[in-house]
Amino acid sequence: MIYSYFPGCTLKNKAKDLDLYARESAKALGFELEEIPEWQCCGGVYPLASDEIATKLPSVRALADAKSKGQDLITVCSACHHVIKRVNDDMANVNDIQTRVNNYMGLDEPYLGETTVLHYLEVLRDRVGFDELAKKVTNPLTGRKIGAYYGCLLLRPSATMQFDDPENPTILEDFIRAIGAEPVVYAMRNECCGGYVSLKAKDQAESMVDRVLSSAKAKGAEELITACPLCMYNLTKNCKGEGMKVSYFTELLAEALGIKEVQS
Amino acid sequence: MQRIGVFVCHCGTNIAATVDVKRVAETLLKEPGVVHAEDYQYMCSEAGQKLIGDAIKEKQLTGIVVCSCSPRMHENTFRKAAERYGINPYLVEIANIREQCSWIHKDKEEATEKAIILGRAAVAKVMLNAPLQAGTSPVTKRALVIGGGIAGIQTALDIADAGFEVDIVERTPSIGGRMSQLDKTFPTLDCAACILTPKMVEANAHEKITLFTWSEVEKVGGFVGDFKVDIRKKARYVDMDKCTGCGECQAKCPNKKTPNEFNRGLNNRSAIYTPFAQAIPNVPVIDKNACTYLKTGKCGVCAKICKAGAINYEAQDEIITREYGAIVVATGFDTIKLDKFNEYGYNTNKDVITSLELERLMNAAGPTGGHVVRPSNGEDPKTIVFVQCVGSRDTTCRGKTYCSKICCMYTAKQAMLLKDHYPWLDIHVFYIDVRTPGKNFDEFYRRAVEEYDVDYIKGQVGKVSEAENGRLLVQASDLLDNRQIKMEADLVVLATAIEPNEGVRRIASMLTASIDTNDFLTEAHAKLRPVESPTAGIFLSGVCQGPKDIPETVAQAGAAASKVIGLLSKDHLVTNPCTAKCNQVYCNGCSNCEKVCPYGAISYDEQMVIRFGARETTRVATVNTALCQGCGACTVACPSGAMDLQGFSNRQILAEVDAICR
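Residues numbered from 1 in each chain as written. Chains lettered and ligands numbered in written order. Predicted model: local features only at pLDDT ≥ 70, side-chain atom pairs only at ≥ 80, totals over all residues.

Some thoughts on the overall build of chain B
- What chain B contains, in helices and strands, is 18 helices and 34 strands.
- Seen through its principal axes, chain B has C-alpha atoms that stretch 90 × 65 × 40 Å.
- Buried positions account for 46% of the 662 residues belonging to chain B. (Helix = DSSP H or I, 4+ residues; strand = E, 2+ residues; numbered from the N terminus. Buried ≥ 20, exposed ≤ 12 C-beta atoms within 10 Å, placed from the backbone.)

Quick look at the environment of B:Cys291
All names here are of chain B.
- Positionally, Cys-291 belongs in the loop between strand E16 (285-286) and helix H9 (292-296).
- Residue class for Cys-291 comes out buried when judged on the 22 C-beta atoms lying within 10 Å of it.
- Note: C-alpha distance between Cys-291 and Ala-561 (270 residues apart in sequence) is 40 Å.
- Sequence-distant contacts of Cys-291, defined by excluding residues within four places in its chain, comprise Asn-255, Ala-271, Ile-272 and Ile-286. (Contact = placed C-beta atoms within 7 Å.)

Remarks on the domain arrangement of chain B
- Assigned domains within chain B: domain 1 (4-126), domain 2 (142-234 + 318-332 + 501-568), domain 3 (248-305), domain 4 (335-498) and domain 5 (580-646).
- Domain 1 of chain B and domain 2 of chain B are separated by 39 Å when their C-alpha centres are compared. (Domains from an automatic or database assignment.)

Some words on the sheet that holds strand E3 (residues 63-68) of chain B
All names here are of chain B.
- Spatial ordering of the open sheet is given by E2-E1-E3-E4, a layout of 4 strands whose pairing is parallel. Because the sheet does not close on itself, it has two edges, and the strands there are strand E2 (34-40) and strand E4 (92-96). On average, adjacent strands in this sheet sit at an angle of 15 degrees to one another, irrespective of strand direction.
- Summarising the sheet, strand E1 (residues 4-9) and E3 pair through 5 bridges and their orientation is parallel. Bridge pairing in E3 places Gly-5 opposite Ile-64. (Pairing = 2+ DSSP bridges. Axes fitted to C-alpha atoms, helices over the stretch in contact; angles between N-to-C directions.)

Focus: the interface of chain A and chain B
- On the side of chain B, 7 residues touch chain A, which itself brings 7 residues to the contact.
- Here the residues of the side of chain A that touches chain B are counted per class, giving 2 nonpolar, 3 polar and 2 charged. (Nonpolar A, V, L, I, M, F, W, Y, C, P; charged D, E, K, R; others polar.)

Some words on the domain arrangement of chain A
Residue and element names in this part refer to chain A.
- Partitioning chain A into domains gives domain 1 (2-120) and domain 2 (130-256).
- For domain 1 and domain 2, the distance between their C-alpha centres works out to 23 Å.
- Among the elements that line the side of domain 1 that touches domain 2, the one with the most residues is helix H1 (residues 16-29), at 8 residues.
- Within the side of domain 1 that touches domain 2, the residues separate by chemical class into 9 nonpolar, 6 polar and 6 charged.

A short note on the confidence of the model for chain B
- Counting all residues, the mean pLDDT for chain B is 95, and 100% of those residues have values of 70 or more.
- Both confidence scores are given for the complex: pTM 0.86, ipTM 0.84. (pLDDT = per-residue confidence, 0-100.)

Details of the environment of A:Tyr21
All names here are of chain A.
- One can find Tyr-21 in helix H1.
- Taking the C-alpha atoms as reference points, Tyr-21 and Ile-259, separated by 238 residues in sequence, lie 8.2 Å from one another.
- If we skip the residues at most four places from it in the chain, Tyr-21 touches Thr-250, Glu-251, Leu-253, Ala-254 and Lys-260.

Here we look at the nonpolar core
- By size, the foremost hydrophobic cluster in this structure holds 198 residues, and its most contacted members are B:Ala143, B:Val328, B:Val329 and B:Val492.
- With 46 residues, the next largest nonpolar core counts B:Phe7, B:Val34, B:Ile116 and B:Ala124 among its residues. (Core = buried A, V, L, I, M, F, W, Y, C linked by C-beta atoms within 7 Å.)

Let's talk about the sheet that holds strand E6 (residues 182-184) of chain A
Residue and element names in this part refer to chain A.
- Pairing in this open sheet of 4 strands is parallel, and the strands run E6-E5-E7-E8 from one edge to the other. Strand pairing shows two members of the sheet lacking a second neighbour, E6 and strand E8 (245-248), which therefore form its edges. The sheet shows a mean angle of 40 degrees between the axes of neighbouring strands, taken without regard to direction.
- Running over the sheet, helix H12 (residues 249-256) touches strand E7 (223-226) and E8 and is turned about 80 degrees from E8.

Overview of the pairing of strand E1 (residues 2-6) of chain A
All names here are of chain A.
- Most of E1 sits out of view: 4 of its 5 residues are buried.
- Sheet analysis places E1 next to strand E2 (residues 32-35), joined by 4 bridges and oriented parallel. Bridge assignment links Tyr-5 to a residue of E2, and that residue is Glu-35.
- Direction of pairing for E1 relative to strand E3 (residues 73-75): parallel, over a ladder of 3 bridges. Considered in E3, the bridge of Phe-6 is made with Thr-75.

Quick word on helix H8 (residues 171-178) of chain A
Residues and elements named next belong to chain A.
- Of all the residues in H8, the buried ones are Ile-171, Leu-172, Phe-175, Ile-176 and Ala-178. Down the axis, H8 shows its buried residues gathered within 160 degrees of arc, on one side only.
- Contact partners of the buried residues in H8: helix H5 (120-128), helix H6 (130-136), strand E5 (145-148), E6, E7 and H12.
- Gly-180 occupies a position one or two residues after H8 and carries a positive phi of about 90 degrees. (Arc of directions from axis to C-beta.)

Focus: helix H6 (residues 150-161) of chain B
All names here are of chain B.
- Between its first and last C-alpha, H6 extends 16 Å over 12 residues, near the 16 Å set by a 1.5 Å rise per residue.
- Within H6, 11 of the 12 residues are buried, which leaves it mostly tucked inside the rest of the structure.
- Among the residues of H6, those classed as buried are Ile-150, Ala-151, Gly-152, Ile-153, Gln-154, Thr-155, Ala-156, Leu-157, Asp-158, Ile-159 and Ala-160.
- If you follow the buried residues of H6, they end up packed against strand E6 (142-146), strand E7 (165-169), helix H7 (192-205), strand E10 (209-212), strand E18 (326-329) and helix H15 (550-568). (Expected span 1.5 Å × (residues − 1).)

With respect to the pairing of strand E23 (residues 455-458) of chain B
Residues and elements named next belong to chain B.
- Relative to E23, strand E22 (residues 426-431) runs parallel, the two sharing 4 bridges. Each bridged residue has a counterpart across the sheet, and for His-428 the counterpart in E23 is Asp-455.
- Crossover E22 to E23 through helix H13 (residues 441-450) is right-handed. (Right-handed = clockwise from strand over helix to strand, strands pointing away.)

Rendered as structure tokens:
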């Protein structure tokens, strides 16, 4: 199975691990990521102005490219996934956006939201299956107590994202179980990490991160995983005290599949 | 030659604001056969009806078309008027230019055009109307009440006191319903059991009332005045006549692992059980899904210790058929499931409970003997947070769009009672609006705020999660103070939305009674016929019709009873003469009509028929007009066009279609 792959800018810079291990693990799991040629930045945030189309165009270009190849579009970065999924929803359902974007793009055939947008985790859950994944694990992470940190972008708005229950998600916990580790459920796993507020009010971001980390620690988590580069930044750079080990989920996936050397 | 009169109603501005009524009248006057047309402000009024009467006399009218509201509203009014002024009531046709025209259109030109077309169709139809004579049918002087809660009990008592027989069918082992689960009742704080149990006893002892508990309605046939109902009496495995209600079997039953439905799963019950100590009848049932003997054939403890020899493991469900003149639906409500409201953590945290569960905890006969504790560890709570509108007034498609109506009041009640018992408690109530319309209701709520110092906060709770110290962390917003709130609590109580009881759809379809998008049964008229279903002979009592508190439920129960009494007091009912009729010359005896008839009104036999001048004996259909309800299914099924519905004949329908397409 070949998927169109939209890595996004962070994965080419700050979050190279997220990208590398996603590709390597895909090979081991029997699917292939074909990077979309000349993809452009998703914009980072979904534009909420309802008359805004310019910042939606990069997403539509990627989506239309995937459509032309008849492939589903995969993302790994939470922010890219959030933006592209929501733009795709607009292209399928919002008449005004459909018309104006297509008028501007001038494609041979108008793009009307036909492409299926999947997050890498959704591929693991719905296409590969966590049971199948568990069978391919050669290096189970037995005994590691891992807290899943969801953040907000993957889960909300839940009607559009259709990712998991926004209040009581299970996909990352199921993933942790599949790679042989022990998931730790804690209250703040779907609370905001502070996002971009760390640029403006660092202390505020710190207090938000602090809540997440102390909640996870109180429940016995020894490390956290996330899918989001911005969450990763906040959780590691804006923590007070000693902090916690935070990895991208793809790193642990690669580790469990025996692709990545175990760090000491 | 027909002489038709057309009467166009303004309905105040309801019609006249969107439809040019004068033009409708003028245009229809030009239709062939129409000799009179006029418009009037309120045609249904005394003066309006007199206009029709005067025209009948002056112009010797032979048919009448009233362009007005839906026939469901005033067809009967105009039929009666016509009869009063000497015309057969079935020579009146209604053109609905309100619900189907003026109310749904904005453009006056288009609406007027449509009103004219609708009027023209009615004129075309009335030209072919034949005078019909209504027949009569007998009334079975017994009523069925489905549901044995306070609504059903009160309705049954009121009907029985008027001297008519009543059966109550209740699907649980005891009558009493939701009210029997409550602790105290607002606004006067009488204990629910103290005011309900005497009524339960009275219903049980009343010579005119028969209780069928642990029973369900299986099938409903017939029609108003003459319903035939199959009732499934589920196997109780305990002989009602022999059991003395000593309770020994429940105490000794070794299988005590089934969640107690009556206590909302807060504790467990035995496999043989009565739901509560004051149950009526005080005869236990055996839960066949839990009983070790019924599942494996081993155990039999209850049979061994029962001194009365009442246990019978061989019992089977029994179906009995009873006849009724009227049926009252009083199926009540349940709280909604909270699977879609994970932000409140109901499914993940034991200390998050529904208000109904709190009622059980507060009730002296409840699982904790009335001592309110944290279900997780049995400790006394210090801080309690109430969340209002959980699933009510919900715009997220997860809950219900309506206001559940009772929650504001019972939350105030619970808060005050808790403060009475545990004055040290810190109580916060999160609300969208506090709605307390009702006699002495607002005073009651104000007492909670002013005298009991209950902290009311306008704002919704966003998340309830487990705090690091094992208490609950409540995150919310205070809209008046514009601030985020994080507070710890020991118990969170969710004022959960109420919805019609499970199974009401099944009941409604058996009764052909209509329900709305929320599964509440629809009343015949929202204002003027609030306790009747649009289906004749079906009446509504209690929350099955819409959210209600106890005083309202009891009032509606009485109203439903008075309607039933009015019906049962008649010896005969006037039947609808718009029944099917078979033209036996055309009938080929195929039986299609018999198969589709939902009322069993059609039969076949050999009859002498004159066809094209020759006598022959052949198999033809006959309609029993006492059973026929005029649904018209047979007229569609008949391949040879022999079946016709009087008052809605194929010719009349086609004439309407022609008139519309002209």
